[in-house]
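One letter stands for each residue in the lines below.
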Amino acid sequence: MLIRKFDRAQLESEPDRVLFKDLYPWDAIGDTPFGASLAVVEGGGATMLHSHHPAETFFIFQGRGTMTCNGETSSVATGDVVYLPPGSRHTLKNDSDQEALMFLSVFWDAEADETPTAVLRTPMARMLFPSPPTPNGPLHMGHLSGPYLAADVLCRFDRLKGLDSKLVMVSDDHQTYTRMRAESEESTPAETAIKYADQAVALLQAFDARPDVWVHPSRDESYQAAVRAAFTRLVEAGHVVVREEDALYCEACDEFLVDGYAVGDCPHCGATCRGFFCETCCLPNKTVDLDDAGCLHCDGDAVRKPLRQAFFSLEPFRQPILQYLGGLKLGPRLLSLVARMQAIPDLTFAVARPGDWGIEHDGLRISPWFEVPLASEHLATGGQQAACFGADNAFLYLMHDPAVLLALGQGALLPRALVVNEHLLLDDRKMSTSAGHAIDAAAVLGQVNSDLVRLFLATVRPEASDASCSLQQMEAFLNQSVLAPWQDWLASLGRQVATECGSKAPAPGVWSAEQSDYQDQLDVWLRRATRGYESGSLAEVARTLHELVDRSRAFDAAQSHLAGIPGLEPQRATALALQLAAARLLATLAAPIMPKFSALLTKHLGLTKADSWPHEAHFLPPGQRVLAAAGLSARRYF
């Protein structure tokens, strides 16, 4: 008999006063044909509106509440049993303000009743949502190294696991930076948004990271209608309030200074910054609270002047946001930002003002920062959301957007994974389109294979701290760390299989201790790469790929002494079979980062299609034809 003691301290939290603990599957007893979780909905709380593939049953054993499933509502109480069909959208609300509502959830794969190996807590397909690019100029290498590479790679990894995840992109058309670029080019904001958004589409296509869905807000009427409808809901619910308050104003330009038009000293760290948030400390500002504020246009001083604006307060959502974030895996960087943002005394921001650029509502233009979360339901493609963003946008993903979604009652759309990156530096300064300080990504992709650019950016990706980047650094990396070692190993392996085995995969024979150690290492690299992808650490995956190649080169050199020695043929066959297994593993592990290389290496190993994500490394089938030496040379791919 096994007993699992209840410990309230082990309960995990979700938004809106919900605590839970997964009970099954349980490592102590292996697989079960069902999963189970204990849930506690505290007074006045509610589970997130959500859906999933497994069928589910709730056993209510304390309290009373309202169950909603696919729009149908019903009261439930102690002793009730609720069946929820696969794919149904459901939520359970505690109708009491004091007594906790407790229930047991049991779930199973309804399509696999014949086989007792149901997948429990089955990983769901995801909507990978990178931070929206601003169409105020060409994308640079810093952009690619951050959210865009991460979102594409994680989407490809999900698909290798059999999940139909989607990469969804929204261009940030209505930013003041787009309008400012239009002024400098003597164009209109709409024309500028189209020009640079279309350039971004073409660039990401060349980068092999074209989104499955790309929304252009300034030319998508359905998007605009969805934003207006959501904004109206918040106004009617009292979450958005229109009133007159002071705003920054430039008398020389006769214009109110919104977001990027205002420049001053950050009220939190003192660094020079623009309106809304500071790229140095990553904390938000209200624009009007900038110290020594001025106009970016004329360099003149800003004054305060009353302006009719719409305001949204995050204050009612502080605790639900903390509960939501408590259920995520946040690294030290995000945890520190959460604490610093929560310490800001008043999180109330202007979300709509008069203007001539943006989505109009009742004479005001909705802030582009507020616009995107308003469109979340319109953008949803199914599955859980995952957000990829730079640390300078952390306020939006940690506080601002969750508050908007909670206010709209759309907690189910909150991202369940946050993948953050720091800045990629050029000459010790952050790359910036508006400042004209960047490495032009289009120029690089015009000269260098996209797989190599992706591998380089994954290797230098600024995940925990800022990282430097230069064209000279990339050239040295490719020549010294990739082209030479990868080519040497794959070319050597191809020649040996061709000359010693007639270009056919050998069967393993006699094993030495060194060969057994090398085989064990294959599974170590697989586990490391899996953890890297699952945690969003592309740099960890890149390190694993390089280590696999370097260790395999050394193994090849050592094992080559067995070639042609009478009596050692069985051990030699094992050595070559192991290296072909390593090449097969390399093709799989590299696939999300280097899709072209993976596809071609897979082909030259004689496989008709790429492997799905494996649980262990696999040998090639003995006798399978492998292309000649040139076919296994990395030069063919690079």
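Residue numbers run consecutively from 1 along every chain, following the written order of its sequence. Totals for whole chains, interfaces and linings use all residues, but because this is a predicted model, local features are given only for residues with pLDDT of at least 70 and pairs of side-chain atoms are given and counted only at 80 or more. Hydrogens are left out, water is left out, and the side-chain values use all remaining heavy atoms of the structure.

(A) Structural view of the overall build of the protein chain. Check the secondary structure of the protein chain and you find 16 helices and 26 strands. Based on the C-alpha atoms only, the size of the protein chain along its principal axes is roughly 90 × 70 × 40 Å. Burial status follows relative accessibility: with a 1.4 Å probe on protein chains alone, a residue under 20% of its type maximum counts as buried, one over 50% as exposed, and anything between as partly exposed. Out of the 638 residues in the protein chain, the part that is buried amounts to 55%. Within this scheme the basic residues Lys and Arg register as positive and the acidic residues Asp and Glu register as negative, but His and the chain ends are omitted. One atom stands in for each charge, and that atom is NZ of Lys, CZ of Arg, CG of Asp or CD of Glu. Charge separation in the protein chain, taken as the distance between the mean sites of 54 positive and 78 negative side-chain charges, equals 5 Å. The secondary structure listing takes helices from DSSP runs of H or I that are at least 4 residues long and strands from runs of E that are at least 2 residues long, numbered from the N terminus.

(B) Structural view of the packing of aromatic side chains. Only Phe, Tyr and Trp rings are paired, with Trp represented by its six-membered ring, and only when their centres lie within 6.5 Å; those with planes under 30 degrees apart are stacked, over 60 edge-to-face, the remainder tilted. Here the structure, examined in full by the defined rule, presents 22 aromatic pairs. Each ring, one from F312 and one from F317, has its centre 6.2 Å from the other, and the planes form 15°; the classification is stacked. By relative accessible area, F312 is classed as buried at 1%. You can call F317 buried: its relative accessible area is 8%. Here the guanidinium or amino end of K305 rests over the ring plane of Y249, the centre of that ring lying 4.1 Å away. The rule is short: NZ of Lys or CZ of Arg within 6 Å of the ring centre and within 35 degrees of the ring normal puts a charge over the ring.

(C) Fine view of the sheet that holds strand 11 (residues 166-170). Two strands qualify as a pair provided DSSP detects at least 2 bridges between them. As summarised here, the arrangement of the 5 strands in space is 12-11-10-22-23, forming an open sheet in which the pairing is parallel. Sheet topology places strand 12 (213-215) and strand 23 (417-421) at the edges, where each strand pairs with a single neighbour. Averaged over all pairs of adjacent strands, the angle between strand axes in this sheet comes to 20°, irrespective of strand direction. Sheet topology note: the strand 10 (residues 126-130)/strand 11 ladder contains 2 bridges and is parallel. Note on geometry: axes are lines fitted to C-alpha atoms, helical ones only across the stretch in contact, with angles between N-to-C directions running from 0 to 180 degrees.

(D) Highlighting the pairing of strand 2 (residues 18-24). Where strand 1 (residues 12-14) and strand 2 come together, 3 bridges link them in antiparallel fashion. What sits directly across from S13, in strand 2, is L19. In this antiparallel pair of consecutive strands, strand 1 and strand 2, the connection spans 3 residues, and D16 shows a positive phi of 65°. By the bridge criterion, 6 bridges tie strand 2 to strand 3 (residues 35-41) in an arrangement that is antiparallel. Considered in strand 3, the bridge of Y24 is made with A36.

(E) Quick peek at the side chain of R318. With respect to the helices, strands and loops of the structure, R318 is situated in helix 5 (residues 318-326). By the criterion applied in these results, polar contacts are pairs of N or O atoms within 3.5 Å in which, for protein atoms, one can donate a hydrogen and the other can accept it, and in which residues neighboring in sequence qualify only through two side-chain atoms. Among the polar contacts made by the side chain of R318, one reaches the main-chain carbonyl oxygen of I344 at a distance of 2.5 Å.

(F) Just the sheet that holds strand 13 (residues 240-250), in detail. The strand order across the open sheet formed by 6 strands is 14-13-18-19-21-20, and the pairing between neighbours is antiparallel. With partners counted over all chains shown, the strands left at the sheet margins are strand 14 (255-256) and strand 20 (360-361), one partner each. Sheet topology places strand 13 next to strand 18 (residues 303-313); 10 bridges connect them, and they run antiparallel. Within the sheet, the bridge partner assigned to V240 lies in strand 18 and is F312.

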